[in-house]
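Secondary and tertiary structure notes
Given next are the chains, with one letter for each unit.
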Amino acid sequence: MRAVDIIARKRDGHELTRDEIAAFVDGCTRGTIPDYQTAAWLMAIVCRGMTSQEATDLALAMAASGQTLDWSAVAPIVADKHSTGGVGDKTTLVVAPLVAAAGLPVAKMSGRGLSFTGGTLDKLESIPGFRVERTVDEMRAQVARIGVVIASQTRELAPADGLLYALRDATATVPSIPLIASSIMSKKLAAGANIIVLDVKVGLGAFMKTLAEARALARLMVQIGEGAGRPVRAVLAAMDQPLGNAIGNALEVEEAVQVLRGRGPRDLRDHCLLLGAHMLVLGGRAASLEDASRLAERTLSSGQALERLARCVEAQGGDTRVVSAPRAVLPSAREVRAVAAPRAGYLQALHAETLGLVAMRLGAGRERKGDPIDHGVGLLLHKKVGDEVQAGEPLATIHARDSESWTRASQEVLAACAIGDEPVPAPPLVWETL
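Residues numbered from 1 in each chain as written. Predicted model: local features only at pLDDT ≥ 70, side-chain atom pairs only at ≥ 80, totals over all residues. Heavy atoms only, no water.

Observations regarding the pattern of salt bridges
- Inspection of the entire model under this criterion finds 30 salt bridges.
- Note that Lys 10 and Glu 54 form a salt bridge whose closest N and O atoms lie 3.0 Å from each other. One end of the pair, Lys 10, is in helix α1 (residues 3-11); the other, Glu 54, is in helix α4 (residues 52-63), with 44 residues separating them in the sequence.
- Judged by relative accessible area, Lys 10 falls into the buried class, the value being 2%.
- One network of salt bridges, in which partners are shared, links Arg 266, Arg 269, Asp 270 and Glu 297. (Salt bridge = Lys/Arg side-chain N within 4 Å of Asp/Glu carboxyl O. Helix = DSSP H or I, 4+ residues; strand = E, 2+ residues; numbered from the N terminus. Buried < 20%, exposed > 50% of the residue type's maximum accessible area, 1.4 Å probe, protein only.)

Structural notes on the sheet that holds strand β11 (residues 394-400)
- In spatial order, the strands read β6-β9-β11-β7; together these four strands make up an open sheet with antiparallel pairing. The two strands at the open ends of the sheet, each matched to only one other strand, are β6 (246-247) and β7 (335-340).
- Sheet analysis places β6 next to strand β9 (residues 378-381), joined by two bridges and oriented antiparallel. Among the inter-strand pairings, Ile 247 is bridged to a residue of β9, identified as Leu 379.
- Taken strand by strand, helix α16 (residues 352-364) contacts β6, β9 and β11, and its axis lies near 140° from that of β9.
- Sitting on the sheet, helix α17 (residues 403-416) touches β7, β9 and β11, and the angle it makes with β7 is about 25°. (Pairing = 2+ DSSP bridges. Contact = heavy atoms within 4.5 Å. Axes fitted to C-alpha atoms, helices over the stretch in contact; angles between N-to-C directions.)

Quick word on the packing of α1 against helix α3 (residues 35-48)
- Look at α1 against α3: their axes get within 8 Å of each other, and the N-to-C directions meet at 15°. In terms of orientation, α1 lies roughly parallel with respect to α3. The chirality of how α1 crosses α3 is left-handed. Counting all contacts with α1, which are made through Ala 3, Val 4, Ile 6, Ile 7, Lys 10 and Arg 11, the residues of α3 involved are Gln 37, Ala 40, Trp 41, Ala 44, Ile 45 and Arg 48.
- Among the residues making up the contact of α1 with α3, the classes are represented as eight nonpolar, one polar and three charged. (Parallel < 35°, antiparallel > 145°, perpendicular 65-115°, else oblique. Left-handed = near helix turned anticlockwise from the far one by under 90°. Nonpolar A, V, L, I, M, F, W, Y, C, P; charged D, E, K, R; others polar.)

Some remarks on unusual backbone geometry
- A positive phi is found at Ala 158, a non-glycine position, where the angle reads about 45°.
- Tracing the chain through its elements places Ala 158 in the loop between β3 (148-152) and α8 (159-170).
- If you check the backbone angles, Ala 172 has positive phi at about 60° while not being a glycine.
- Tracing the backbone shows Ala 172 in the loop between α8 and α9 (177-191).

Topic: the sheet that holds strand β10 (residues 388-389)
- Spatially, β10-β8-β12 is the arrangement adopted by the three strands of the open sheet, whose pairing is antiparallel. What marks the edges here is a single partner per strand, and that holds for β10 and β12 (417-420).
- As judged from the four bridges shared by strand β8 (residues 345-350) and β12, these two strands associate in the antiparallel manner. Bridge assignment links Tyr 346 to a residue of β12, and that residue is Gly 420.

Side note on the side chain of Lys 81
- As for its placement among the helices and strands, Lys 81 is situated in strand β1 (residues 79-83).
- Despite its burial, Lys 81 remains without a salt bridge, the nearest opposite charge being carried by Asp 199 at 5.1 Å.
- Apart from the residues lying within four places of it in its own chain, the contact partners of Lys 81 are Thr 91, Thr 92, Val 95, Lys 108, Lys 188, Val 197, Leu 275 and Met 279. (Lys, Arg positive; Asp, Glu negative; His and termini not counted.)

So, α4
- For α4, built from 12 residues, the straight-helix expectation of 16 Å at 1.5 Å per residue is met to within 8% by its first-to-last C-alpha distance of 16 Å.
- Among the 12 residues of α4, nine are classified as buried, and the element is accordingly described as predominantly covered.
- Along α4, the residues classified as buried are Glu 54, Ala 55, Thr 56, Asp 57, Leu 58, Ala 59, Ala 61, Met 62 and Ala 63.
- Against α1, α2 (18-30), α3, α8, α9 and α10 (211-227) lie the buried residues of α4. (Expected span 1.5 Å × (residues − 1).)

Digging into the packing of helix α12 (residues 266-282) against helix α13 (residues 289-301)
- At a closest axis distance of 8 Å, the pairing of α12 and α13 adopts a crossing angle of 120°. Overall, the two elements α12 and α13 adopt an arrangement that is oblique. In this structure, α12 meets α13 at a crossing whose hand is right-handed. Between α12 and α13, the residues in contact are Arg 269, Leu 273, Leu 274, Ala 277, His 278, Leu 280 and Val 281 and Leu 289, Ala 292, Ser 293, Leu 295, Ala 296, Glu 297 and Leu 300, respectively.

Written out as structure tokens, the structure reads:
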């Protein structure tokens with residue numbers, strides 16, 4: 001089975017067989033297929049697309065290219081969730097301990113932020129001492145002991161995906177729904193969770209800008225999961241404005257703790273409860289979404305979810321005071337001042353991507369992989385879309401390294417806020433669920 005023949009078949013619009021896809025992925029992983037042929041194959045996929053069966057076979061082949069985890073010795077059902085990336089998205093810090101405290105073990109492998117989107121690992125590393133690197137044995141032991149682990153992905157999981165993604169990034173073949181879906185799902189399948197909930201962001205602050213794009217991606221990921229024998233549910237969540245009020249690593253950790261303490265922004269709380277409820281239904285802890293929602297609410301209000309986060313932080317070497325006195329242990333910025341509204345009216349738009357880029361330039365994110373992170377900087381929003389605003393009232397507080405950074409960020413924050421005379425309704429949290 002020659003690589004050039006597989007490339008030609010996809011170039012000509014034919015559906016590749018499972019064996020052809022497996023052979024090509026194996027050749028890429030072992031280095032017997034050169035980069036120029038792999039790049040040609042990726043471009044053929046971008047131009048010709050893939051059927052759901054092809055995407056499933058690609059995800060399974062990439063998952064099989066390295067180590068695959070098995071949690072059966074730890075628990076009969078282990079859950080996972082994945083977000084496609086957004087601004088202010090700290091849901092894992094709430095949902096993982098919440099679901100674990102409700103009786104469903106969670107094994108979450110997370111990533112780092114890039115460009116305007118934040119990364120769960122960067123947020124966790126703002127907690128002094130927190131270790132995101134865990135061996136497979138350490139992860140299994142932690143899930144068995146406390147029911148939850150949040151760690152970085154090991155290099156042994158889906159190595160073919162890493163190789164292909166590096167080429168995609170260099171050959172303009174990143175924007176392909178089948179390649180994106182199979183990439184995400186290959187890592188989820190290799191990580192071994194029995195059930196998966198996908199938080200698919202759509203809007204100005206997401207990689208999927210339109211509902212049609214997000215729906216296509218979500219539908220294909222669900223099909224891949226089902227084809228691999230894993231129940232998957234996808235929530236299409238609005239991301240035209242940031243989720244919650246905090247943007248930036250330490251600020252988002254503090255906000256997540258507030259939600260677990262029964263406070264915090266309503267939109268973040270409601271979205272976390274919804275994701276948790278879907279996980280509890282898929283994991284068999286509740287018979288319906290209504291029952292699961294009540295269970296999630298009880299777990300949150302009882303303090304059990306907060307206690308489970310504390311145990312997770314302790315197990316991974318972090319300072320557990322973060323759950324009782326976050327400001328005492330989390331890093332902070334030197335220049336902290338509010339940006340005032342230039343006029344009265346109603347906040348009609350809050351451009352999530354722009355605000356994410358502001359936080360990145362402050363130092364909360366990275367433009368390129370490997371860029372250093374300042375965990376203390378970021379933004380704290382005081383108004384969201386639909387809120388009434390008075391002239392001179394704070395729109396946001398900027399946490400910056402110095403006055404120069406604050407001044408630049410303040411101008412960009414004002415540009416991201418549209419204030420008009422007419423009231424507008426608050427946008428929906430979720431568009432639909434697949």
